[in-house]
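# Residue-level structure breakdown
Take a look at the letters that make up each chain.
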Amino acid sequence: MTRSFLGGDRLSRRKVASTLLGLIATTASFGASATAGDWLNWRGPNGNGTADGESYPIEWSASEAVAWTYEIPGAGGSTPVVVGDRIALTTGADERNWVIALDSSGAEVWRTALGTERPGKHKKGSGSNPSPIADDDHVYAYFKSGDLACLDWDGAVVWHHNLQEMFGEDTLWWDLGTSPVRTKNHIVVACMQSGPSPSYLAAFDPNTGELAWKQDRTLPAPEEANQSYSTPIVFERGGKEYLVVLGADHVTGHDAETGEQLWQVGGLNPTQNGYFRSISSPVLADELVIAPYARGESLTAIRLDGSGDITDSHIAWAHADLGADVPTPAYHEGNVYLLRDRGEVVKVDAGSGEVLETLELERNRNAYSASPIIAGGHLYAIREDGMTFVVQLSPKMETVASNSLPEMALASPVFNNGKILIRAGGKLWCIGQ
């Protein structure tokens, strides 16, 4: 383990940050303590691609409305997390995996190495595609190398495992992208891959790293369709917590406390296409789970109650010609918003599946990998060339701004306390005055 402390101990850093924030009104502050709008995972405080707060920048460029930038060493496609006045991100550099912490001014506070980097295979991939998750005490990071670790906010490693050493080598054809999720009692990782290593869900105690449970998830999907880069979702109903997992031609529901599979919905690959690997993750829409599949060509809404194989009885609606391959949909005020990979925004009534509106964004040769975020009545869509389109949602969808950062952008943006964090190229940009 390697750690570099650039700001002294935690108490001293907070005192310095507090003094600076009191003197410099233009500092990009994220608050001195944890707030309701903290960005604890890649889909935001509500877990569905929506941000808290109403006032966020609409227009910016590489030279305007930029509070600060941070040069990120190495490569990564993960989204940062924010807790109070602290920011954490992951990257791979110098053949190591790294977790890096910044303060609210963009200054690096510490960096900690976690195992040996396993670089990306794809030109858009890396060894640091999974996004970290966080709480007020810890950051949890996961890497393509199999390294899963818990760090405190001083950069010290609390616990560290390598899941590939524990459970078998990664057999994904491309670069691991599934992020860990936090339930009330566990840190959960989903691994969905082709044999010989089985697919599984594994849960760890967040404080000790002890393995709480492991459940195999073996489903009949052909070839690459067995493989998934999607992230599970966590939700609570009737005082009980659940996990929903998308991959291997199925959506499955699990007891979050034990991992036991409660129900499954198949039929997502009726022609048994061997290459229907899944990247886009599901999104919770009140009493439905909305699941994109078929490389962006299908969208299925599933009712949450039931047990066993509920394929025939619990599909509320489905589209066979609509979806998103890489970007995960957002859910807002009864509607699902799809950002299709070539730049089409589609508004779908979550309850009925009716397509309400469609908006074509300005096109070029670049596609979309970052997932859309809805904040302050606007949808933000980042194209891979660093162009962010800001779409007004009401009274109708309309593009109101196009903002260029001259860097490749693959990670989803972060919205917190009136600021936007965008990972583009080798920089983290803080947008806002």
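Below you will find a few notes about this structure. Starting from 1, residues in each chain are numbered consecutively following that chain's sequence as written. Residue-level local features of this predicted model are given only where pLDDT is at least 70; pairs of side-chain atoms are given and counted only at 80 or more, and the full residue set underlies all totals for whole chains, interfaces and linings. Note: side-chain values were computed over all heavy atoms of the structure, leaving out hydrogens and water.

### Topic: unusual backbone geometry
Residue Pro196 is reached from Gly195 by a cis peptide bond, and omega for that bond is 10°. Mapped onto the fold, Pro196 is located in the loop between β12 (187-191) and β13 (200-204). Cis geometry is adopted by the peptide bond preceding Pro395, which originates at Ser394 and carries an omega value of 5°. In this structure, Pro395 sits in the loop between β30 (387-392) and β31 (398-404). You will see that Glu223, though not glycine, has its phi angle at about 45°, which is positive. Note on conventions: DSSP H or I runs of at least 4 residues are helices, E runs of at least 2 residues are strands, and numbering of each starts at the N terminus. By the element assignment, Glu223 lies in the loop between β14 (211-216) and β15 (233-237). Look at Glu223 and you get partly exposed, because its relative accessible area is 47%. One non-glycine residue, Gln272, lies in the positive phi region at around 55°. Mapping Gln272 onto the fold places it in the loop between β18 (261-265) and β19 (283-285). Only protein chains enter the accessibility calculation, which uses a 1.4 Å probe; a residue is then buried when its area is under 20% of its type maximum, exposed when over 50%, and partly exposed in between.

### Some remarks on the side chain of Ser412
Along the chain, Ser412 falls in the loop between β31 and β32 (414-416). Overall, the relative accessible area of 4% leaves Ser412 in the buried class. We define a polar contact as two N or O atoms separated by no more than 3.5 Å, with the added condition that, inside protein, one atom must be a possible hydrogen donor and the other a possible acceptor, whereas residues neighbouring each other in sequence contribute only through side-chain atom pairs. A polar atom in the side chain of Ser412 sits 3.0 Å from the backbone nitrogen of Ser371. Discounting residues that sit within four places of it in the chain, Ser412 has contacts with Trp42, Arg43, Thr79, Ala370 and Ser371. Working rule for contacts: check all heavy atoms of both residues, and any pair within 4.5 Å makes them a contact.

### Focus: the pairing of strand β34 (residues 427-431)
In terms of burial, β34 is largely enclosed, as four of its five residues are buried. Strand pairing is assigned whenever DSSP identifies at least 2 bridges connecting the two strands. When strand β2 (residues 66-71) meets β34, the two strands line up antiparallel, connected through five bridges. Residue pairing for β34: Trp68 is matched across the bridge by Cys430. Note that strand β33 (residues 419-424) and β34 share five bridges and pair antiparallel.

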